[in-house]
Amino acid sequence: MPIKIPEGLPARAILDSERIFALEKADAETQRVRPLRLVILNLMPKKIETETQLLRLISKSPLQVDIDFMKTSTHEATHVSRDHLLKFYENLDAFEDNYYDGLVVTGAPVEHLPFEDVDYWGEFKEILDWAGSHVFSTMYLCWGAMGALYYRYGVSKHVLDQKIFGVFPQRLQDEYCFITNGFDEIALQPHSRLADVDEQAIRANPDLQILTWGPESGPGLVSTRDFSEVFALGHWEYGKWTLAEEYERDMARGLDNVPFPTNYYPHDDPTQEPLFAWRSHANLLWRNWLNWVYQTTPYDLTEVPRLRAEKRLGTDRRYRRSPAGPRGDDFHTFDGCGYGVIEPKDRD
């Protein structure tokens, strides 16, 4: 939420440079308030689990948020009841005349396929086209992020020989970015994917910026310069046990390209309780995104197409700086320091 400060307070310039929302009295008195409108395109097979993970994070914001759920019509879900889908989900045609402050596009376990071979790829593109004129800001997760980067910006992906699997350090690239404001210099992010994106293509595109980066997992969080699109290539929304459940599932299927989850179990011992080491940054990311949307979205959402066409989404970018690159000293986070090791208590 913004802070209200006296008009002309000297700290205002510093707060602006650090991208902290501050309203002077005259602005605060004219501000119109309404609930945020959010729609979630849930592409994950276990829809109820994903719903719970996302709603848990969204609920941590003090803002009131009205939420709808969207599904594709070209793919039949097999891990959730038809009654659940009929009761809570609608296809794109039910939303075509609606406007939203935010759209969330989840991942999907199809990153090993060429985009064009995914059965709902055509519908996915239609939804992104609709969002381009009906949604103020979109948060894409994992495969959703890969698909949007490819369709919107031509950023290709390549399938990996071995899955990126575990919890990996991400280095903060810009201290005062709205979306990562308050992040520690090192943020841990779960990853579970068989594909990677073309990092150089992202860096070469002036409309995109890398917000967090890791030596093992590459870009973890990417956004457009106006934050109308945010791409999370990892899974900050995951719960404590999600990676464990995925590992057990993949082992039961006899897959041979899934490594033991990195930086997850104490002593790398799967009989131990995993470390929930990314929760604070997950909550902060979603609070930051919702707060940014709340502060900058138009009160009248029908203004979104005009603002997008005029490239006036978001706030003044006078203080924008280019994100920093990887550390120059080749520092490798947590190497040799016993990360993930919980020592037993001394016994008499």
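Basis of the calculations
- Residues numbered from 1 in each chain as written.
- Predicted model: local features only at pLDDT ≥ 70, side-chain atom pairs only at ≥ 80, totals over all residues.
- Heavy atoms only, no water.
- Pairing = 2+ DSSP bridges.
- Helix = DSSP H or I, 4+ residues; strand = E, 2+ residues; numbered from the N terminus.
- Contact = heavy atoms within 4.5 Å.
- Axes fitted to C-alpha atoms, helices over the stretch in contact; angles between N-to-C directions.
- Buried < 20%, exposed > 50% of the residue type's maximum accessible area, 1.4 Å probe, protein only.
- Phe/Tyr/Trp six-rings, centres within 6.5 Å; stacked < 30°, edge-to-face > 60°.
- Lys NZ or Arg CZ within 6 Å of the ring centre and 35° of its normal.

Caption draft 1: Quick look at the sheet that holds strand 4 (residues 65-70). Ordered in space as 5-4-3-6-7-12-11-10-8-9, the 10 strands form an open sheet in which the pairing is mixed. Every other strand in the sheet has two partners, leaving strand 5 (89-90) and strand 9 (186-197) as the edge strands with one partner each. The sheet contact formed by strand 11 (residues 218-224) and strand 12 (residues 229-232) spans three bridges and is antiparallel. In the sheet register, Ser223 faces strand 12, and the bridge partner there is Val230. Contacts from helix 3 (residues 47-58) reach strand 3 (36-41), strand 4, strand 5, strand 6 (100-105) and strand 7 (135-141) within the one sheet, and its direction differs from that of strand 4 by about 160°. Lying over the sheet, helix 8 (residues 242-252) contacts strand 8 (157-172) and strand 9, oriented at roughly 160° with respect to strand 8.

Caption draft 2: Representation of the environment of Tyr265 in the model. Mapping Tyr265 onto the fold places it in the loop between helix 8 and helix 9 (279-296). Looking at Tyr265, the relative accessible area reads 4%, which means it is buried. Once the C-alpha coordinates of Tyr265 and Leu275 are considered, the two residues, 10 residues apart in sequence, prove to be 6.2 Å apart.

Caption draft 3: Examining the packing of aromatic side chains more closely. For the structure shown, the criterion picks out 25 aromatic pairs. Ring geometry for Trp121 and Phe124: centres 5.4 Å apart, planes at 15°, overall stacked. Highlighted residues: Trp121 and Phe124, both in helix 5 (residues 121-134), separated by three residues, approximately one helical turn. Grouping residues by exposure puts Trp121 and Phe124 together as buried. Three or more aromatic residues joined by ring pairs make a cluster, and in this case those are Phe115, Tyr120, Trp121, Phe124, Trp143, Tyr150 and Tyr151. Here the guanidinium or amino end of Arg37 rests over the ring plane of Tyr100, the centre of that ring lying 4.6 Å away.

Just distances and angles here, no functional claims.
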